[in-house]
There are 2 protein chains.
Amino acid sequence: MEFDQVKIVMVNTSHSGNIGSAARAMKTMGFNNLVLVAPKTFPSDEANTMSAGASDVLDSAVVVASLEEAVADCALVVGASARSRSLPWPLVNPREMAHQVLSVPSDAKVAIVVGRERSGLTNEELACCHCHVHIPSNPDYSSLNVASAVQVLTYELAMSQVNLEQADKPNFGVEWDQKPATSGQLESLFDHWQKTLVDIDFLDPNNPRTLMSKLRRLILRAHPDEVEANILRGMLSQVDKTIRKS
Amino acid sequence: MEFDQVKIVMVNTSHSGNIGSAARAMKTMGFNNLVLVAPKTFPSDEANTMSAGASDVLDSAVVVASLEEAVADCALVVGASARSRSLPWPLVNPREMAHQVLSVPSDAKVAIVVGRERSGLTNEELACCHCHVHIPSNPDYSSLNVASAVQVLTYELAMSQVNLEQADKPNFGVEWDQKPATSGQLESLFDHWQKTLVDIDFLDPNNPRTLMSKLRRLILRAHPDEVEANILRGMLSQVDKTIRKS
């Protein structure tokens, strides 16, 4: 997926602030193409204020009169929808939507369509869509703000790229600044640790119980790096030195 | 994960509206426990307005003086963070965060901590966290609103439950109102279709090319239900009837 393939289409938005918040949400996730179908007010100061630095998205927004016009050039049209409709339609969650968008050829356009603040999209508008996307929500309170919906949907699209990119990254979970300690370094640490614990009468070599196992499990779980292992070694050496003096 | 295990902690929030928007975002995703660390103003009319029906979350919000106090009873503390910090810390994306939360015992509490609008969490606050969560964002514009961050993080937590629940659902992609057509029904349809196409001289039985294959591929891709298959059969029968008259 190229981020430029995707346009966000907002239908009949009533509150200008939501247009600005949606522009901000889109831009944080890397999307810049906004189409407004018959917005109540646009452009507006409130939209600019709420866009908080994403005013370029508002400046390049396209205003059209109908949804048909907005999606005419799109090979995939996905409409945001609440779950229950009189005529069921292919319904995906946002993650499944992102998978569908990934399968669209790179020279085709995709529209993600969100409806009015109170009433969403009409049945006629939903029938213009290849599939509907429902954001799973609290059955007792599903009142998702329209800009929040744009945030979640564009987040899922962006995450689908992150997952592809991270597939060939190591699974260490963080971009670390130090090399991980080797097993050899950690074994030296544990040997040293055990010796010191015996020296300070914390560990009885004739009845060691599971003390060292528990320490090993704790330390190994944390995947220490070389500097951290050295810090622990240094602490033990300092303990050794102090008890020799006493 | 039980939704009640999780608390959302907002640190030093400046804009009351963001507290209300965050309460709304949390509640749409099924989360009700909000802790405010030294908010600039709380309670406030603006927070109530922006909460849009989630005022119960605001009413039950707990105000404390420090992050330590907010997370004292938590077995897992996750702090929202931008990527680059002087001291790297275990860093996960929101989806990985949700996996971590799933692994917490069901009687333990979890805190998801978001920082100030402009400056996020301090290094001291981040050092109170077991891990940091970074929402992947546009490198040129990562200005995610704090309530939008709460929306994305609670969405991922809610989605982790959806995936568990959907694991034993059929993969038909939609809660359909009709039974899917059987292969037998579809084969009868294709036989009928082919016969009709020959009758109207659209298909040359001596040179059929790939016409029927293309029709089959189109229809099968759509996974027709019984009613849809019957509609197509009915259309063909009507064509047959009409051409017999002419």
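Residues numbered from 1 in each chain as written. Chains lettered and ligands numbered in written order. Predicted model: local features only at pLDDT ≥ 70, side-chain atom pairs only at ≥ 80, totals over all residues. Heavy atoms only, no water.

Let us now look at the interface of chain B and chain A. Chain B puts 42 residues into the contact, and the matching count from chain A is 41 residues. A combined buried area of about 3400 Å² lies between chain B and chain A, and 55% of that area is made up of carbon and sulfur atoms. Counting the surface chain B buries against chain A, the share from its top three residues, B:Arg95, B:Tyr141 and B:Tyr155, is 20%. There are 2 salt bridges connecting chain B and chain A. Across the chain B-chain A interface, the total number found is 15 residue pairs in polar contact (both at pLDDT 80 or more). The element contributing the most residues to the side of chain B that touches chain A is helix H7 (residues 146-166) of chain B, with 9 residues. Residues belonging to the side of chain B that touches chain A are distributed by class as follows: 18 nonpolar, 16 polar and 8 charged. (Contact = heavy atoms within 4.5 Å. Buried area = accessible area lost by both parts, 1.4 Å probe. Salt bridge = Lys/Arg side-chain N within 4 Å of Asp/Glu carboxyl O. Polar contact = N/O pair within 3.5 Å; in protein donor to acceptor, adjacent residues only side chain to side chain. Helix = DSSP H or I, 4+ residues; strand = E, 2+ residues; numbered from the N terminus. Nonpolar A, V, L, I, M, F, W, Y, C, P; charged D, E, K, R; others polar.)

Moving on, we come to the relation of the copies chain B and chain A. Under the fitted operation, chain B is carried onto chain A by 0.1 Å of movement along the axis and a turn of 180°, and the coordinates agree to an RMSD of 0.1 Å. Classification of the inter-copy transformation places it as that of a two-fold axis. When you check the interface residues of chain B against chain A, 98% turn up at the interface there too, and the contact is symmetric in its surfaces. (Least-squares fit on C-alpha atoms with pLDDT ≥ 70 in both.)

Residues and elements named next belong to chain A. Packing of helix H8 (residues 183-199) against helix H10 (residues 226-245) brings their axes to within 10 Å, and their N-to-C directions diverge by 25°. The pairing of H8 with H10 is recorded here as roughly parallel in orientation. Along this stretch, H8 crosses H10, giving a crossing that reads as left-handed. Residues Gln185, Leu186, Ser188, Leu189, His192, Trp193, Thr196 and Asp199 of H8 lie in contact with H10, whose contacting residues are Glu226, Ala229, Leu232, Arg233, Leu236, Ser237, Val239, Asp240 and Ile243. Tallied by class, residues from the contact of H8 with H10 come to 8 nonpolar, 5 polar and 4 charged. (Axes fitted to C-alpha atoms, helices over the stretch in contact; angles between N-to-C directions. Parallel < 35°, antiparallel > 145°, perpendicular 65-115°, else oblique. Left-handed = near helix turned anticlockwise from the far one by under 90°.)

Our next topic: the side chain of A:Ser44. Residue and element names in this part refer to chain A. With respect to the helices and strands, Ser44 occurs in the loop between strand S2 (33-37) and helix H2 (45-51). Its relative accessible area of 13% is what places Ser44 among the buried residues. Reaching out from Ser44, the side chain makes a polar contact with the backbone nitrogen of Ala47 at a distance of 3.1 Å. (Buried < 20%, exposed > 50% of the residue type's maximum accessible area, 1.4 Å probe, protein only.)

Moving on, we get to the sheet that holds strand S6 (residues 109-114) of chain B. What the 7 strands build is an open sheet, ordered S3-S2-S1-S6-S4-S7-S5 (chain B); its pairing is parallel. Only two strands of the sheet have a single neighbouring strand rather than two, namely strand S3 (62-64) and strand S5 (91-92) of chain B. (Pairing = 2+ DSSP bridges.)

All names here are of chain A. Where nonpolar side chains cluster on the molecular surface, the patch consists of Ile200, Phe202, Val239 and Ile243 and spans about 330 Å² of accessible area. Looking at the element boundaries, Val239 is found in helix H10. Using a relative accessible area of 34% as the deciding quantity, one classes Val239 as partly exposed. (Patch = residues over 30% accessible without salt bridge, like charges linked within 9 Å, V, L, I, M, F, W, Y side chains within 5 Å. Areas by Shrake-Rupley, 256 points an atom, 1.4 Å probe, with all protein chains shown as cover.)

Attention shifts here to H8(A). At 3.6 residues per turn, the α-helix brings residues three or four places apart onto the same side. All names here are of chain A. Taking 1.5 Å of rise per residue, 17 residues should cover 24 Å, and H8 covers 24 Å from first to last C-alpha, within 8% of that figure. Buried residues of H8: Leu186, Leu189, Phe190, His192, Trp193, Thr196 and Leu197, and no others. Down the axis, H8 shows its buried residues gathered within 165° of arc, on one side only. Those residues of H8 that are exposed and angled more than 90 degrees off the buried face are Asp191 and Lys195. Of the surrounding secondary structure, the elements contacted by the buried residues of H8 are helix H9 (211-221) and H10. Downstream of H8 by a residue or two, Asp201 has a phi angle that is positive, lying close to 60°. (Expected span 1.5 Å × (residues − 1). Arc of directions from axis to C-beta.)

To continue, consider the nonpolar core. Among the nonpolar cores identified, the biggest contains 90 residues, and A:Leu34 and B:Leu34 are the most heavily contacted of them. A:Leu34 has contacts with A:Ile8, A:Met10, A:Ile19, A:Met26, A:Val57, A:Leu58, A:Ala61 and A:Val62, leaving out every residue within four places of it along the chain. (Core = buried A, V, L, I, M, F, W, Y, C linked by side-chain atoms within 4.5 Å.)

Moving on, we come to the side chain of A:Asn93. Tracing the backbone shows A:Asn93 in the loop between strand S5 (91-92) and helix H5 (94-102). Reaching out from A:Asn93, the side chain makes a polar contact with the backbone nitrogen of A:Arg95 at a distance of 3.0 Å.

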